[in-house]
Amino acid sequence: MEINYLEELNPEQRVAVEHINGPVVVLAGAGSGKTRVLTYRIAHLLKNNIDAFNILALTFTNKAAREMKERISKIVGEKEAKNLWMGTFHSVFARILRFESEKIGYPSHFTIYDTDDSRNLLKTIIKELSLDDKVYKPSLIHNRISGAKNSLINANAYLNDAQIQADDRQSSKPLLGEIYRRYETRCFKAAAMDFDDLLFKTCVLLQQFPEVLYKYQEKFKYILVDEFQDTNFAQYSILKQLAARFENICVVGDDAQSIYAFRGATIRNILNFKQDYPDMVTYKLEQNYRSTKNIVNAANSIISNNRQQLHKTVWTDNEEGQKILVFRTLTDNEEGLTAAQQIFEFKNNFQLHNRHFAILYRTNAQSRAFEEALRKVNIPYKIYGGFSFYQRKEIKDVLAYFRLTINNNDEEALKRVINFPARGIGDTTIDKLILCANDHASGLWTVLENLDEFNLGINSGARNRIIDFVTMIKSFASMAAQSNAFEIGNHIAKQSGILKDLYDDKSPEGLSKYENIQELLNGMKEFSSPVPVPTSPNGSPTEKEASAPNEIPVDSEGIGNDLSLTSFMQDIALLTDSDKKDGEEERDTVSLMTIHAAKGLEFQVVFIVGLEENLFPSQMALNTRADLEEERRLFYVALTRAQKHAILSYSVSRYKWGNRFDCEPSRFIEELNEKYLDFKQAGRQENSGFGQNRQGWNRAGQGNINDFWKKNGNQQSKPKNGTELNPTIPKVPSIEGKKLIKVNPQQGIPGNYSTASELNIQVGMEVKHQRFGLGKVINMEGGYPNQKATVFFHEAGQKQLLLKFAKLELVK
DNA sequence: GTGTAATGCTATTGG
DNA sequence: AGCATTACAC
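A quick note: this is a predicted structure, and the numbers were derived from the prediction, not measured.

About the cut-offs
- Residues numbered from 1 in each chain as written.
- Chains lettered and ligands numbered in written order.
- Predicted model: local features only at pLDDT ≥ 70, side-chain atom pairs only at ≥ 80, totals over all residues.
- Heavy atoms only, no water.
- Helix = DSSP H or I, 4+ residues; strand = E, 2+ residues; numbered from the N terminus.
- Buried < 20%, exposed > 50% of the residue type's maximum accessible area, 1.4 Å probe, protein only.
- Contact = heavy atoms within 4.5 Å.
- Areas by Shrake-Rupley, 256 points an atom, 1.4 Å probe, with all protein chains shown as cover.
- Pairing = 2+ DSSP bridges.
- Axes fitted to C-alpha atoms, helices over the stretch in contact; angles between N-to-C directions.
- Near = heavy atom within 4 Å.
- Polar contact = N/O pair within 3.5 Å; in protein donor to acceptor, adjacent residues only side chain to side chain.
- Nonpolar A, V, L, I, M, F, W, Y, C, P; charged D, E, K, R; others polar.
- Expected span 1.5 Å × (residues − 1).
- Arc of directions from axis to C-beta.
- Phe/Tyr/Trp six-rings, centres within 6.5 Å; stacked < 30°, edge-to-face > 60°.
- Lys NZ or Arg CZ within 6 Å of the ring centre and 35° of its normal.
- Core = buried A, V, L, I, M, F, W, Y, C linked by side-chain atoms within 4.5 Å.
- Parallel < 35°, antiparallel > 145°, perpendicular 65-115°, else oblique.
- Left-handed = near helix turned anticlockwise from the far one by under 90°.
- pLDDT = per-residue confidence, 0-100.
- Salt bridge = Lys/Arg side-chain N within 4 Å of Asp/Glu carboxyl O.

Undergrad: For this particular structure, what's the right way to read the overall build of chain A?
TA: From N to C terminus, chain A includes 31 helices and 24 strands. The 812 residues of chain A split such that 53% are buried. In chain A, 75% of the contacts between residues at least 6 apart in sequence involve partners at least 24 apart. Accessible surface for chain A amounts to roughly 37000 Å². Of this, 49% is attributable to carbon and sulfur atoms.

See below:
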């Protein structure tokens, strides 16, 4: 089953694959087969007898790494591909840090603080310094510290940098450096690293320990980096150090798709690369295989408005394709309905399935209108990104117990659970404990363990309750040492009182929380069931324990038979939704996500929605040209996700914080060359049978751009920066809103609505629940998506159910 | 210390 | 509108 991979490449791709040694830059336009080049390049290295053990490939998501590994397996065999190190910067270097952590004073079981943890700690510190958290906003401080770390500036350097200090005084935050210093020591004492530390500390490790650097240079003789345009300085510095010995480094990227400057990414890295590796060879991939001519050309037309770019001409041999549809709607809800309706029509007209559609938006908050509309017409969808399972309160609570069990010094975990469920250790007591820990330069846990040695001034009741808590955590720890993740996890969920607490809570929210924890435990059970380890050719098991006193961890995933809680928790903090293994059922669903999350993906039909000034481009990005250019690149990324059809939409009004705001069309629509566009009015579709031609708007069907801007009262005036538009318009629909012929998908689309969509459930209906059986709806309350139904079940009696979780079926 | 009602803030983008 | 923090009653 040998695949002749080289023959599947065009000449440019092929030279990029075959150029094995030395520094290589591949400038890969959108849709030019970047992933294919990377995949085949790795396969090619392996075919040329380079050991998988010596290859490091850094990708943007772990999912991308996994998929690439699978494809490589198909070419060179699983056995070969298994030892490849592939993953994100964060996950790969977290793994290395765990292995080497003691050199920089951390235990290997260090905690990874997520954004919430970091911000909470900063909040605590700001309070301790008696500073105003309106001036020192934790999120802003966090961004600033994050920026410093990404530029490899530690707290000491920060405090000693005259320019930075002047800046902070200028913005009346002179104590920012002091906050940073305290944050740094607090994290260290808590044996915790934040996301930025994973890169920062890796740099420190490699800089300060030449023998460690040497070891990994020797290991990673061949380095590949995907999405190089989105690396920051810390990441670049890691790469530079690792590659310094052999200089076999291949970076792949597209400056036109650089969309992460806000977290420190800089295309300067490409320029640095040229300086640092004078004999670097550049290959350009300019042929787009993904999209129609119309889409490629439209994308080119928009990106040409950017001043800052490397020269590249993306072209395609594909068909001309349909023009890009542009929809104007009156409200955000109508925008949702329009998308749903268009999906319906496209499915009919072009034989497409749900999975061929994506709806892309600028901010997560925009998803609501689309969810609602898709639910109404029973089109299944999946939201990527946004709130993940691991960010739910109840899950974080349980995880905090796990974290504290593994790492007693984890201050944020301790604060989270010491009084949850409530056990009479209140804020005053906790403040005293923290204060004491600060005063004595000892960790919080040390204070808890040795209460009587400190002069705390807490009452004996609190003292005893703390002692009980400490005893409990210690018992967890000793049990964890000899049980698998599921056993101890289950034990902790019960003994901590969390499960009981939620079990007693019979509200629908409580029930769903309870079920979420059960789901977590199910996951742990799966993790804890030993996978039969395939015997490797030499007969020895391949898991990492077998090679325990090793110089280097064997692979990047730690697959093996370590079923402990510690092992389970290892990378939880780094998991994101898109990293989740594609679940059991690969369902046919429409994808909803932010444009950032869509990076690297492609769909037959792509909706880019909310194209309005102050939303896209974002209001935050209107101040500088650089920011605006990044928004434009973001739009470029969005448009180039589309293979066959692209649909743009904007609404003339939108609800925000419960109020209606007027909106103006995005400048990006105007920047697109008109000849690629087809202006449509929402609700008006030929042969669709619903909606009607509206007098005066787009009667000809094909819009003209002059009409278009005129109709929107926007012919001359460009939207002014940051102008808030009539923020106080009352919630009543405007006159214009009343004139609107409502698109009603329930009537308009001859679909099948017999499945019980939660929106269809009404008082009096007979329903069936998986567990409770048959019952009658006696009350409905709450709005979508938190609709609650009170149902009287014949067997189980009266229950309140949250419709988004309870899968009720209608009984005819 | 705990639980509930009123208040006020928020919505870039993400590992 | 929805969530988190704060204020206040118990």
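Having put the structure on the table, let's press on.
Undergrad: Whenever I open this one, the sheet that holds strand 15 (residues 603-608) confuses me. Can you help?
TA: Sheets are built from strands paired through backbone hydrogen bonds, the pairs being either parallel or antiparallel. Spatially, seven strands are ordered 13-14-12-15-16-11-19 in an open sheet, and the strand pairing comes out parallel. The outermost strands of the open sheet, each flanked by one partner alone, are strand 13 (381-383) and strand 19 (677-681). For this sheet, the mean angle separating the axes of adjacent strands, direction not counted, is 20 degrees. Note that strand 11 (residues 324-329) and strand 16 (residues 642-651) share five bridges and pair parallel. Looking across to strand 16, one finds that Phe327 is bridged to Ser649.

Undergrad: Would you mind going over the protein's contact with DNA strand B with me for this structure?
TA: Residues in contact with DNA strand B amount to 27 residues; listed here are only the nearest, Arg362, Asn364, Gly424, Thr428 and Thr429. Within 4 Å of the protein, the atoms of DNA strand B are drawn from sugar and phosphate moieties in a proportion of 46%. Within the side chain of His90, one N or O atom sits 3.4 Å away from a sugar or linking oxygen of DNA strand B. The contact in question runs from a phosphate oxygen of DNA strand B to an N or O atom on the side chain of Thr594, over 2.8 Å. At the level of secondary structure, the elements contributing two or more residues to the surface near DNA strand B comprise helix 11 (195-208) and helix 20 (427-439). Split by residue class, the surface near DNA strand B holds seven nonpolar, 13 polar and seven charged.

Undergrad: Sorry, what's going on with helix 20 here?
TA: Spacing of three or four residues puts side chains on the same side of an α-helix, whose turn is 3.6 residues. Compared with an ideal rise of 1.5 Å per residue, which puts 13 residues at 18 Å, helix 20 spans 18 Å between its outermost C-alpha atoms and is within 8% of the ideal. Thr429, Ile430, Leu433, Ile434, Cys436 and Ala437 are the residues of helix 20 that are buried. One side of helix 20 carries all its buried residues, which in axial view fall inside an arc of 160 degrees. What points out from helix 20, more than 90 degrees from its buried face, is the exposed set Asp427, Thr428, Leu435 and Asp439. The elements touched by buried residues of helix 20 are helix 6 (115-128), helix 10 (176-189), helix 19 (411-417), helix 21 (444-449) and helix 22 (460-480). Ala441, located one to two residues past helix 20, shows a positive phi value of around 55 degrees.

Undergrad: Before we go on, may I ask you to explain the packing of aromatic side chains in this structure?
TA: Aromatic ring pairs are reported here in terms of the distance separating the ring centres and the angle at which the planes meet. Inspection of the entire model under this criterion finds 20 aromatic pairs. Both rings, one in Tyr216 and one in Phe220, keep their centres 6.1 Å apart while their planes meet at 25 degrees; by these two values the pair is stacked. These aromatic residues form a ring-pair network of at least three members: Phe228, Tyr236, Phe273 and Tyr277. Sitting above the plane of the Trp657 ring, Lys656 keeps its charged end 4.9 Å from the centroid. One Lys or Arg, Lys656, reaches over the ring of Phe661 and ends 5.9 Å from the middle of that ring.

Undergrad: So what exactly am I meant to see when it comes to the nonpolar core here?
TA: For soluble globular proteins, nonpolar side chains are generally found buried alongside one another. Grouped together as the largest cluster of nonpolar side chains are 50 residues, with contacts concentrated most on Tyr401, Phe402, Leu433, Leu448, Phe469, Leu520 and Met524. No other element matches helix 18 (residues 393-406), which puts eight residues into this core. Residue contacts for Met524: discarding those within four places in its chain leaves Phe402, Ala485, Phe486, Gly489, Leu565 and Phe568.

Undergrad: Would you explain the packing of helix 5 (residues 89-100) against helix 11 in this entry?
TA: Each pair of packed helices gets described by two things: the angle between the helix axes and the distance between those axes. Axis separation between helix 5 and helix 11 bottoms out at 9 Å; the angle between their running directions is 55 degrees. As summarised for this structure, helix 5 and helix 11 are arranged oblique, according to the angle between their axes. You can see that helix 5 and helix 11 cross each other, and the crossing is left-handed. For the pair helix 5 and helix 11, contact is made by Phe89, His90, Phe93, Ala94, Leu97 and Glu100 and by Phe195, Asp197, Leu198, Leu199, Lys201, Thr202 and Leu205, respectively. Taken together, the residues of the contact of helix 5 with helix 11 sort by class into eight nonpolar, two polar and three charged.

Undergrad: What is the right way to look at the confidence of the model for chain A in this model?
TA: If pLDDT is low for a region, its predicted coordinates should not be looked at in detail. Averaged over chain A, the pLDDT score is 84; the fraction of residues at 70 or greater is 81%. Overall, residues 534-549 carries pLDDT values under 50, and its contacts beyond four positions in sequence, including any with other chains, amount to 16 contacts. For residues 684-759, every residue scores under 50 in pLDDT, and the model assigns this stretch 127 contacts once sequence neighbours within four places are set aside.

Undergrad: Just to check I follow, could you spell out the pattern of salt bridges for this structure?
TA: Two side chains that carry opposite charge are able to pair once their charged atoms sit near each other. As enumerated under the stated definition, the model contains 41 salt bridges in all. Salt-bridge contacts for Asp254 lead to Lys312; the nearest nitrogen and oxygen are separated by 2.8 Å. One end of the pair, Asp254, is in the loop between strand 7 (249-253) and helix 14 (268-276); the other, Lys312, is in the loop between helix 15 (293-303) and strand 10 (315-316), with 58 residues separating them in the sequence. Lys312 matches Asp254 in its accessibility class, with the two residues each being buried. Between Arg463 and Asp452 there is a salt bridge; the shortest N-O distance is 2.8 Å. With Arg463 in helix 22 and Asp452 in the loop between helix 21 and helix 22, the pair connects residues that are 11 residues apart, well separated along the chain. On the accessibility criterion, Arg463 (28% relative accessible area) is partly exposed. Salt bridges here are not isolated pairs; linked through shared partners, they connect Lys34, Asp226, Glu227, Asp230 and Lys599.

Undergrad: Explain the environment of Leu521 to me, please; I cannot follow it from the model alone.
TA: Its location among the elements puts Leu521 in helix 25 (residues 508-528). Owing to a relative accessible area of 2%, Leu521 belongs among the buried residues under this scheme. Expressed as a C-alpha distance, the spacing of Leu521 and Gly489, which sit 32 residues apart in the sequence, is 6.9 Å.

Undergrad: Just checking my understanding: could you explain the side chain of Thr39 for this structure?
TA: Among the structural elements, Thr39 can be located in helix 2 (residues 34-47). Excluding residues within four positions of it along the chain, Thr39 makes contact with Met68, Arg71 and Ile72.

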